[in-house]
Amino acid sequence: MEEYIDLYNDNKEKIGVIPRSKEKELLEGQHILVSALIVKNSENKIMMQLTSKSKGDILSLPSGHVLHNEDSKDTIVREIYEEQGIKIDKEEITFVEERLANRIAFFDIYYLKANYSKEDMTLQEEEVADVIWMSPEDIFKEYDNGKVRKSSLESIKNFLNRNKI
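These numbers come from a predicted model, not from an experiment. (Residues numbered from 1 in each chain as written. Predicted model: local features only at pLDDT ≥ 70, side-chain atom pairs only at ≥ 80, totals over all residues. Heavy atoms only, no water.)

Visitor: Go over the overall build of the protein chain, please, and point to the residues and values.
Guide: A tally of regular secondary structure across the protein chain gives three helices and nine strands. Seen along its three principal axes, the alpha-carbon backbone of the protein chain occupies a region of about 45 × 35 × 35 Å. The buried share of the protein chain, taken over its 165 residues, is 49%. Long-range pairs, those at least 24 residues apart, make up 60% of the contacts in the protein chain between residues at least 6 apart in sequence. Put simply, the protein chain has 24 plus and 33 minus side-chain charges, and the middle of one group is 4 Å from the middle of the other. (Helix = DSSP H or I, 4+ residues; strand = E, 2+ residues; numbered from the N terminus. Buried < 20%, exposed > 50% of the residue type's maximum accessible area, 1.4 Å probe, protein only. Contact = heavy atoms within 4.5 Å. Lys, Arg positive; Asp, Glu negative; His and termini not counted. Charge placed at Lys NZ, Arg CZ, Asp CG, Glu CD.)

Spelled out as structure tokens, the structure:
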């Protein structure tokens, strides 16, 4: 069954609905909405997911497309459950920022302080190959090696600059 996502203008106002399969065909001034979550543990490490080979084999923050008639907070709660098997209460997560990345997507970034272990998780293998807790320094190094998604790195940098961990 085809998923549908909302279409936004440059001011992040809804202007329509498109099938998710058409997101690569956006015109200038058309955008979609993606929700992402920065999970930081008590050791100040950030949870990164290694996407499956079919999804790019790259480190990224947990994230997902906001579906039609869904809000971004509900989206990230759904995505964490689908991809890592972790149930979180949406009242536990905090909105961090909204920004336009890569000309295509608005990102709503959320934050959660939590200490999950791999034993707590059931990974959705078609999406996620592994989950790794990484220091910010290691994330930056892996980005320099081409192994971290740029939009995730930008979100992490913005978060760190605001929160000075």
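Having seen it, we continue.
Visitor: Could you give an account of the packing of aromatic side chains, with specific residues and numbers?
Guide: As enumerated under the stated definition, the model contains two aromatic pairs in all. Their ring planes at 75 degrees and their centres at 5.5 Å tell us that phenylalanine 95 and tyrosine 110 sit as a pair that is edge-to-face. Within this pair, whereas phenylalanine 95 is found in strand 7 (residues 94–101), its partner tyrosine 110 is found in strand 8 (residues 105–113), the two being separated by 15 residues in sequence. Of the residues examined, phenylalanine 95 reaches a relative accessible area of 46% and is grouped as partly exposed. (Phe/Tyr/Trp six-rings, centres within 6.5 Å; stacked < 30°, edge-to-face > 60°.)

Visitor: I'd like a description of the nonpolar core, backed by residues and values.
Guide: Generally speaking, a soluble globular protein has its nonpolar side chains buried in company with each other. Judged by nonpolar contacts, the single largest core of 26 residues is most densely connected at Ile32, Ile38, Ile46, Met48, Ile139 and Ile156. Elements supplying a minimum of two residues to this core: strand 1 (4–8), strand 3 (32–40), strand 4 (46–51), strand 7, strand 8 and helix 3 (150–163). Aside from chain neighbours lying at most four places away, what touches methionine 48 is Leu59, Ser60, Leu61, Asp130, Val131, Ile132, Met134, Ile139, Val148 and Ile156. (Core = buried A, V, L, I, M, F, W, Y, C linked by side-chain atoms within 4.5 Å.)

Visitor: Describe the pairing of strand 1, listing the residues and the values that go with them.
Guide: A large share of strand 1 lies buried, amounting to four of its five residues. Across five bridges, strand 1 lies against strand 2 (residues 14–19) in antiparallel orientation. Bridging across to strand 2, aspartate 6 finds its partner in valine 17. Counting the residues between successive antiparallel strands, the hairpin from strand 1 to strand 2 contains five residues, one of them, lysine 12, with a positive phi of roughly 60 degrees. (Pairing = 2+ DSSP bridges.)

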